[in-house]
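Geometric and topological summary
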Amino acid sequence: HICFTLENGAFLIEFHFCDIKSPEQKDERVCIYCSAENFIFVSDNRRCIELVSDVDEKLEPYRQLLEFVSNLTANDVYELEKIEDRITDLEDSLIKEKRSNSKNSDIIIGIRRELLKLKRYYEQLALITEDLTEDANKAFSEELHKRFISLDKRMDYLLNSVMHLREYITQVREAYQAQIDIEQNQIMKVFTVITAVFLPL
């Protein structure tokens, strides 16, 4: 990602968009040039193009930038809640299972990779919004600057939520591994008893 502040009060921004609804898809590059006169958006990603189309072109360029970035993560909280529900359901199923299943390990690994990708995505967005809130050239009005600060806080919240989910799935993995270890210990106890009985014979 990049977020350059240019001398004329313009911003040059680049990041890789990750569709939180389909994180398995390949990330696509998004490039933005925003100044007091122009808001230029370049990307092949259909979702991002739809979000830009929803922004009112009559707004000043800086406000268009704000609206686009805001719309980019508008419903992400609900998508993260769905991931949390998936982890909770997985945890419940692991507790109820009498025997470990190799498929569960694949599910846990898949969720961990998904969350790692989201972590990197929100990290780059958080760094970009942080640079925008610094407003080194004093390009934003006071009201607009406050809205960028609020947006930056949202990015931090989303990033912290992903970090929480990563800790949660790690706890689930450790609990599942402990369950596997207990099963293996039970098997070893049986073998030990059989050996103790038949070895003298």
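Residues numbered from 1 in each chain as written. Predicted model: local features only at pLDDT ≥ 70, side-chain atom pairs only at ≥ 80, totals over all residues. Heavy atoms only, no water.

With 4 bridges joining them, strand β1 (residues 2–5) and strand β2 (residues 11–17) adopt antiparallel strand pairing. Within β2, the position partnered with Ile2 by the bridge is Glu14. Where β1 hands over to β2, the hairpin turn is made up of 5 residues, of which Gly9 adopts a positive phi near 85 degrees. (Pairing = 2+ DSSP bridges. Helix = DSSP H or I, 4+ residues; strand = E, 2+ residues; numbered from the N terminus.)

In this section: the packing of aromatic side chains. Enumeration according to the criterion identifies 7 aromatic pairs in this entry. Here the aromatic rings of Phe11 and Phe140 are separated by 5.4 Å at their centres, their planes lie at 20 degrees, and the arrangement is stacked. Highlighted residues: Phe11 in strand β2 and Phe140 in the loop between α4 (102–134) and α5 (142–198), separated in sequence by 129 residues. Across the pair, Phe140 and Phe11 agree in class, each one buried. Arranged with centres 5.2 Å apart and planes meeting at 65 degrees, the rings of Phe41 and Phe68 form a pair that is edge-to-face. Of this pair, Phe41 sits in strand β4 (residues 39–43) while Phe68 is found in helix α2 (residues 61–72), placing the two residues 27 residues apart along the sequence. Three or more aromatic residues joined by ring pairs make a cluster, and in this case those are Phe11, Tyr62, Phe140 and Phe148. (Phe/Tyr/Trp six-rings, centres within 6.5 Å; stacked < 30°, edge-to-face > 60°. Buried < 20%, exposed > 50% of the residue type's maximum accessible area, 1.4 Å probe, protein only.)

Mapped onto the elements, Asn71 comes out in helix α2. Between the alpha carbons of Asn71 and Val52 there is a distance of 8.7 Å; along the sequence they are 19 residues apart. The residues touching Asn71, leaving out its near neighbours within four places in the chain, are Leu51 and Val55. (Contact = heavy atoms within 4.5 Å.)

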